[in-house]
Structure formats: C-alpha cells, structure tokens
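Descriptive analysis of the structure
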Amino acid sequence: MLVLLIFLAGVLFRLWLISLAPQPIINDQMEYGMYATKIYSAEWFLAPHSYRTYPYPLFLAGMYKLFGYWNNFAVFTVQAVLDASIGLIIYAIVYYGLKKPKEAFIGQLLYTLNPFTSGYVGVLLAEILSAFFIIVTIGTGMILLKTRSIIWAVVFGLIAGLAAETRNAALIWAVIPIGFALFWLRTANIKRFVAAITIGLLMSFIYPLITNWREYREINIMTVDSFFAKEFFNGAVLKRLPPFTYRYPYEVEYMFWEYYSGQHPGRTTQERRQMAAKYVKKTWDIILRDPIDYLKVRFDKMWYMWQKENIFFYVEPGFSSHWRWTYVGNLSLLVLAILGIAASWKRKRSAIATWIYTIMVGSLVYATLVFSISHAEYRITIPFYPIIIAFAAIGIGRITRYEA
C-alpha cells in the first residue's frame with residue numbers, strides 16, 4: 001500500500017513540478033510534434049521520418065487520437081504516470097531481482113522525488129519514454145531469467161527493440177541486455193530463446209521497415225538519414241552545450257539544412273549515402289587536424305554529460321540563483337551511485353542478480369563511452385537515470401549499514 005501511495009504521490013509531484021515552469025514548444029519538440037501529426041493523419045498511422053525514429057511520435061499521435069489533437073496536458077499527464085511507474089519498476093528489480101527490500105524502497109522513494117527526470121515530463125521529448133523502455137527491458141529480462149518462458153523472451157526482445165528505436169543512441173545498447181541474457185540462458189533449448197527474442201526484435205522493427213519502404217524504397221530498421229554520420233560530425237564540432245542553448249554554430253545549422261532528406265524531397269538512397277560519407281569525411285578532417293584535442297574533448301564529455309545544472313530543459317525561472325544547488329544535488333546522486341557500484345563489486349549473488357548488475361553497469365559504461373562521440377548535452381543521459389538512482393539506493397543502503 002505504501003509503495004502504491006508513493007507512486008500516486010510521484011504522479012502528483014511531477015504535475016506540480018512542471019506547472020512551475022511551463023516550457024515553450026520549440027526546436028526538437030516541434031519536429032516530434034510534426035512527425036506525430038504526419039502519423040496522426042496517415043492511413044493506419046503509418047508514416048516515416050527521415051531522421052526521427054517512430055516510437056515517441058507514434059506515442060504522441062496515439063495520445064492525440066485518444067484525448068484530442070495537440071492535447072499536451074494529456075501527454076504530460078501520461079508521461080507523469082510513466083515516469084512515476086519507473087519508480088515501481090526500480091522497486092521490483094531491486095526487491096525481487098537483487099533481494100534488497102530496504103534498498104528497493106529507498107530506490108522507489110529516491111526516484112519519486114528526483115527532479116532530474118521529472119522536469120522532462122512537461123516537454124514533448126523522448127527522454128521519459130526512452131527511460132521507461134530501458135528500465136522495462138531490465139525488468140522483463142529479470143522475469144525471463146526467472147521463468148525461462150518463451151513468451152517472456154518475445155516480450156523481452158520487443159521491449160529491447162522499442163528502447164533501441166526510441167532513441168537512435170540506444171540502438172547498439174540493446175545488444176547488452178540481449179547478449180548477456182542469452183549468455184545466462186545457456187540451455188539445450190538456447191535456439192528457441194534466440195528465435196523468440198529475434199521475433200520480439202523484429203516486431204519492433206516492423207513499423208520502420210514498412211514506412212521506410214513505402215516512402216523511400218529502402219529496407220531500413222531505423223532512419224534513412226544516417227544517425228551515425230550526423231552525430232559523429234556534431235560531436236566533433238560541438239564541444240560543450242551549456243544549459244538553454246538555442247543556437248548552434250553556423251556549420252552545424254548548415255548541416256541541419258543540408259543533411260536531412262525531409263528538407264530535400266526527391267533525394268535518392270545513393271544521394272543520402274553520399275551525404276553521410278561527406279560528413280564522415282568532414283569529421284575525420286577535424287579529428288586529424290588536432291587528434292589530441294579531439295581525445296581531450298571526448299574525456300571531458302564523459303564527465304560533462306552526467307552533470308546537471310538545470311531541471312527544466314528550455315526555460316528555468318531563478319536558474320542563476322539555484323543552479324549550484326542543482327549541480328551539487330546531482331553530483332551527490334552520482335557519488336552515491338558510484339558507492340553503490342563499488343558496494344556491489346565481487347559480492348556473492350544469484351545468477352539473476354549478477355545479470356542485473358552487469359546490465360546496469362554495462363549500460364552506464366555504454367552511455368559514457370558512446371555518447372562522448374556525439375554532441376553530449378545534459379539530457380542525453382536522462383534515460384539512464386533510473387539506473388543511476390537504483391545504484392544510489394544501494395549506496396545509501398551501504399552507508400546506513402544495510403546489507404549491500
């Protein structure tokens with residue numbers, strides 16, 4: 001009962017928090033909204049986008065269909081429910097998977113009260129949905145390892161695929177939970193589990209396969225404009241993005257205009273490949289001019305991307321007077337998470353608990369390394385904050401002499 005009350009309090013807390021700083025619908029939000037409109041207006045809700053993946057716009061289109069076109073209050077309310085439910089899933093993973101009841105309660109409470117994900121409830125951005133799919137992937141993987149059920153293997157593959165599709169940056173991330181799950185599922189029937197997880201993954205890829213073929217005549221499970229080439233270039237040019245950055249350097253804004261097929265109707269597959277190759281070459285030219293500086297910036301981003309000076313992404317009243325408190329609060333959370341990781345190191349535990357720890361640590365390592373190549377603004381790590389908070393709860397348990 002207390003867990004459910006905390007969940008309900010979490011929903012109300014998020015709706016109250018975002019009411020303090022209503023965010024303007026600009027930039028990436030407009031792109032997601034326009035893609036959602038395209039899906040909303042399309043037959044069978046089937047529509048592609050050259051550089052935005054489908055899950056979040058499809059979610060928006062579904063919300064608009066249910067609650068009214070561009071009814072963003074409904075969207076924010078559902079996002080508040082999704083984000084608060086992540087606390088419930090953290091509770092379940094730590095309680096049933098790691099066998100730590102007290103840390104499970106601390107984890108749910110800490111996530112419920114955290115302002116860092118809560119501030120993204122009030123924007124039309126994919127962070128909350130991405131965080132939800134990532135933590136649900138870990139939860140369904142835990143159930144799969146417990147039950148060894150083929151049905152759960154399909155569900156696990158589907159959710160991991162949706163996590164990969166929601167944010168391009170998580171595409172390769174899905175290999176971590178799936179690869180380690182198959183490692184722990186070593187049985188005589190391993191081929192059945194491989195097939196079941198593959199079926200789940202394919203289910204998550206059906207939408208882009210259909211829509212990309214219909215509009216672009218390409219067989220592509222993501223976006224037809226290469227995400228790698230774009231982020232590789234952006235990561236080389238954009239060294240740091242301070243909070244509330246609205247304008248980018250000229251070369252980046254020019255790339256946004258030139259690169260995207262949506263702004264150049266009729267562009268062929270070959271032309272898209274040439275455009276991607278052009279920007280990969282431009283990036284290598286930047287790297288080779290000063291490889292030492294490029295490496296220094298990568299290491300700086302590995303730390304910088306985990307920092308949080310702001311709670312709200314676009315506008316934050318009183319930012320100049322309280323940003324230090326926000327920064328210290330986030331830094332404290334990171335220190336507790338590091339302590340939680342250290343406390344879990346080389347502990348005797350069940351195979352399922354080992355899998356959960358491996359996936360959580362592997363996810364943080366993945367985000368730290370891979371995102372350092374991209375433009376690495378603060379919000380890019382928000383989907384991994386459920387993992388940070390789960391480890392922080394274990395760190396608090398260690399400090400307070402709970403069994404860790």
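For the structure, see preceding data.
Residue positions are given per chain, counted from 1 along the sequence in the order it is written. Residue-level local features of this predicted model are given only where pLDDT is at least 70; pairs of side-chain atoms are given and counted only at 80 or more, and the full residue set underlies all totals for whole chains, interfaces and linings. Hydrogens and water molecules were not included; the side-chain quantities draw on all heavy atoms of the structure.

Numbering of helices and strands runs from the N terminus; a helix is a DSSP stretch of H or I covering at least four residues, while a strand is a stretch of E covering at least two. Of note, Lys278 is situated in helix α13 (residues 269-289). Once the C-alpha coordinates of Lys278 and Arg247 are considered, the two residues, 31 residues apart in sequence, prove to be 23 Å apart.

This part covers the pattern of salt bridges. By definition here, a salt bridge exists when the distance from a side-chain nitrogen of Lys or Arg to a carboxyl oxygen of Asp or Glu is within 4 Å. For the structure shown, the criterion picks out 15 salt bridges. In this structure, the salt-bridge partner of Glu231 is Lys230, at a minimum N-O distance of 3.7 Å. No difference in accessibility class separates Glu231 from Lys230, as the two residues are buried. For Glu258, the salt bridge is made with Lys278, and the minimal N-O distance between the two is 2.7 Å. Within this pair, whereas Glu258 is found in helix α12 (residues 250-259), its partner Lys278 is found in helix α13, the two being separated by 20 residues in sequence. Looking at Glu258, the relative accessible area reads 10%, which means it is buried. For every residue, the accessible area (1.4 Å probe, protein chains only) is compared with the maximum for its type, and the residue is labelled buried under 20%, exposed over 50%, or partly exposed between those bounds.

A packed helix pair is summarised by two numbers, namely the angle formed by the two axes and the spacing between the axes. It is at 6 Å that the axes of helix α15 (residues 319-344) and helix α17 (residues 385-399) come closest, and there the two elements cross at 70°. Taken together, the axis directions place α15 and α17 in an arrangement best described as roughly perpendicular. Crossing hand, α15 versus α17: left-handed. Counting all contacts with α15, which are made through Asn330, Leu333, Leu334, Leu336, Ala337, Leu339, Gly340, Ile341, Ala343 and Ser344, the residues of α17 involved are Tyr385, Ile388, Ile389, Phe391, Ala392, Ile394, Gly395, Ile396, Arg398 and Ile399. For this classification, the nonpolar set comprises Ala, Val, Leu, Ile, Met, Phe, Trp, Tyr, Cys and Pro, the charged set comprises Asp, Glu, Lys and Arg, and every other residue, Gly included, is treated as polar. Looking at the contact of α15 with α17 residue by residue, the class counts come to 15 nonpolar, four polar and one charged. Note on geometry: axes are lines fitted to C-alpha atoms, helical ones only across the stretch in contact, with angles between N-to-C directions running from 0 to 180 degrees. Roughly parallel covers angles under 35 degrees, roughly antiparallel covers those over 145, roughly perpendicular covers 65 to 115, and oblique covers all other angles. Should the near helix be turned anticlockwise from the far one by less than a right angle, the crossing is left-handed, and should it be turned clockwise, the crossing is right-handed. Only heavy atoms matter for contacts: two residues are in contact if any of them lie within 4.5 Å across the pair.

Stacked, tilted and edge-to-face pairs are distinguished by plane angle, under 30 degrees for stacked and over 60 for edge-to-face with tilted covering the rest, among Phe, Tyr and Trp rings (Trp via its six-membered ring) whose centres lie within 6.5 Å. The full count for this structure, using the stated rule, is 32 aromatic pairs. Geometrically, the ring pair formed by Tyr64 and Tyr69 is edge-to-face, given 5.9 Å between the ring centres and 75° between the ring planes. In this structure Tyr69 comes out as partly exposed when scored by relative accessible area, which is 42%. Each residue in the set Tyr51, Phe233, Tyr248, Phe256, Tyr259, Tyr260 and Tyr279 is aromatic and connected to the rest through ring pairs, giving one cluster. Here, a charge over a ring is recorded when the distance from Lys NZ or Arg CZ to the ring centre is within 6 Å and its angle to the ring normal is within 35 degrees. The ring of Tyr32 is capped by Arg52, whose NZ or CZ atom sits 4.7 Å from the centre of that ring. Over the ring of Tyr294 we find Arg298, and its NZ or CZ is 3.8 Å from the ring centre.

A few words now on the packing of helix α8 (residues 150-166) against helix α10 (residues 190-216). The N-to-C vectors of α8 and α10 enclose an angle of 40°; their axes lie 7 Å apart at closest approach. With respect to each other, α8 and α10 are oriented oblique. Remark: the crossing between α8 and α10 carries right-handed chirality. Facing α8, whose interface residues are Ile150, Ala153, Val154, Phe156, Gly157, Leu158, Gly161, Leu162 and Glu165, α10 presents Arg192, Phe193, Ala196, Ile197, Ile199, Gly200, Leu201, Met203, Ser204, Phe205 and Pro208. Across the contact of α8 with α10, the residue classes break down as 14 nonpolar, four polar and two charged.

Among the residues making up α12, those that are buried are Val252, Met255, Glu258 and Tyr259. Relative to the axis of α12, the buried residues are bounded by an arc of 125° and lie together on one face. Those residues of α12 hidden inside the fold are in contact with α11 (227-237) and α13. Regarding the arc, it is the one traced by the directions from the helix axis to the C-beta atoms.

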